[in-house]
Amino acid sequence: DIELALDQLATQLPHVKNVSIITSWFGTDLRCGNCEIKPGVETKTRITPEATWRVSGVTRGSAYLVSQTEDGRPNYGGTPSDTSILQAIQSLKSRGYQVTLYPFILMDVPSGNSLADPYGGAEQEAFPWRGRITCYPQSAENTGAVNGQLNSFFGAAQSSDFSIENSVPNYSGTDEFSYRRFILHYAKLAQMAGGVDRFVIGSEMVGVTT
């Protein structure tokens, strides 16, 4: 599908020089001290073998399952497999495009979540903007009380925790789904692809950076 799409891109928009690849993990809570960031899938079963979907060492069977509507449809599309992202980068580069790799957080917080709201609501708003991830309570902002929350959000993952296994990145660090794991995973993947031209980190994370 991507090869056909790139053929169409070259025909219809011949002056395009850079393509952004956006790959999403899912945030679980607006409270940064409680928020995990996980690769997710729409369904635990597929006709294709389970081994064909793997992200940061996580297989389809053990992956986070995105929330669903009342009639059973997923609220989001799942995270692209590491292999598909590698192939996409390599295909774009072979065609002469510059590549921007954009690890993106989607907040999977459906209505009826019953989660304490940092902004004073009865519960957290449904499917909020990632820029609203912040400390809790807000009185902790600009005090030492926020340090533990931020340390939990960013985590302890290191670049040395990532290796190559079965031609994709594998994570062997502490058992966490943190922001550092998320970003360092895609940094390793970009390195495996021979590098990218741009790598986006922390876009729109207003609540965390202030």
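Residues numbered from 1 in each chain as written. Predicted model: local features only at pLDDT ≥ 70, side-chain atom pairs only at ≥ 80, totals over all residues. Heavy atoms only, no water.

Draft legend 1. Fine view of the overall build of the protein. Scanning the protein from N- to C-terminus turns up five helices and 10 strands. Its C-alpha atoms give the protein a radius of gyration of 18 Å, near enough to 17 Å, the size a compact globule of 210 residues would have. Referenced to the eigenvectors of the C-alpha coordinate spread, the extents of the protein come out at roughly 50 × 40 × 35 Å. Within the protein, counting contacts between residues at least 6 apart in sequence, those at least 24 apart form 66% of the total. When the accessible surface of the protein is totalled, it reaches about 10,700 Å², and 50% of it is carbon and sulfur. Side-chain charges in the protein split into 16 positive and 21 negative, and the spacing between the mean points of these groups amounts to 6 Å. (Helix = DSSP H or I, 4+ residues; strand = E, 2+ residues; numbered from the N terminus. Rg over C-alpha atoms; globule rule 2.2 N^0.38 Å. Contact = heavy atoms within 4.5 Å. Areas by Shrake-Rupley, 256 points an atom, 1.4 Å probe, with all protein chains shown as cover. Lys, Arg positive; Asp, Glu negative; His and termini not counted. Charge placed at Lys NZ, Arg CZ, Asp CG, Glu CD.)

Draft legend 2. Examining the pairing of strand β8 (residues 162-165) more closely. Pairing analysis gives four bridges linking β8 to strand β9 (residues 168-171), with the strands arranged antiparallel. When the sheet's bridge partners are listed, Ser163 is paired in β9 with Asn170. Here β8 hands over to β9 after two residues, with Asn166 in that stretch at a positive phi of 55°. (Pairing = 2+ DSSP bridges.)

Draft legend 3. Structural context of the nonpolar core. By size, the foremost hydrophobic cluster in this structure holds 37 residues, and its most contacted members are Ile21, Ile37, Ile89, Ile133, Phe153 and Phe182. Elements that contribute at least two residues to this core include exactly α1 (2-12), β1 (18-27), α2 (82-94), β7 (98-107) and α4 (179-192). The leading source of residues in this core is α4, at six residues. Discounting residues that sit within four places of it in the chain, Phe153 has contacts with Cys32, Cys35, Ile37, Ile133, Ser178, Tyr179, Met205 and Val208. (Core = buried A, V, L, I, M, F, W, Y, C linked by side-chain atoms within 4.5 Å. Buried < 20%, exposed > 50% of the residue type's maximum accessible area, 1.4 Å probe, protein only.)

Draft legend 4. Geometry of the sheet that holds β7. Taken together, the four strands give an open sheet; going across it, the order is β2-β1-β7-β10, and neighbouring strands pair in mixed fashion. The open sheet has two edge strands, β2 (37-38) and β10 (198-199), and neither has a second partner. Pairing geometry for β7 and β10, over two bridges, is parallel. If you follow Thr100 over to β10, its bridge partner there is Arg198. This element, α4, spans β1, β2, β7 and β10 of the sheet and lies at about 155° to β7. (Axes fitted to C-alpha atoms, helices over the stretch in contact; angles between N-to-C directions.)

Draft legend 5. How the structure looks around the packing of aromatic side chains. All told, the structure shown has 12 aromatic pairs when counted by the stated rule. Centroid distance Phe26 to Tyr64: 6.2 Å. Interplanar angle 35°. Geometry classified as tilted. Residue Phe26 is found in strand β1, and its partner Tyr64 is found in strand β6 (residues 64-65); the two are separated by 38 residues along the sequence. What makes Phe26 buried here is its relative accessible area of 0%. (Phe/Tyr/Trp six-rings, centres within 6.5 Å; stacked < 30°, edge-to-face > 60°.)

Draft legend 6. Up close: the environment of His15. As for its position among the elements, His15 is in the loop between α1 and β1. Assessed through its relative accessible area of 70%, His15 is described here as exposed. With 28 residues separating them along the chain, His15 and Thr43 place their C-alpha atoms 38 Å apart.

The values reported here are purely geometric and, on their own, carry no functional implication.
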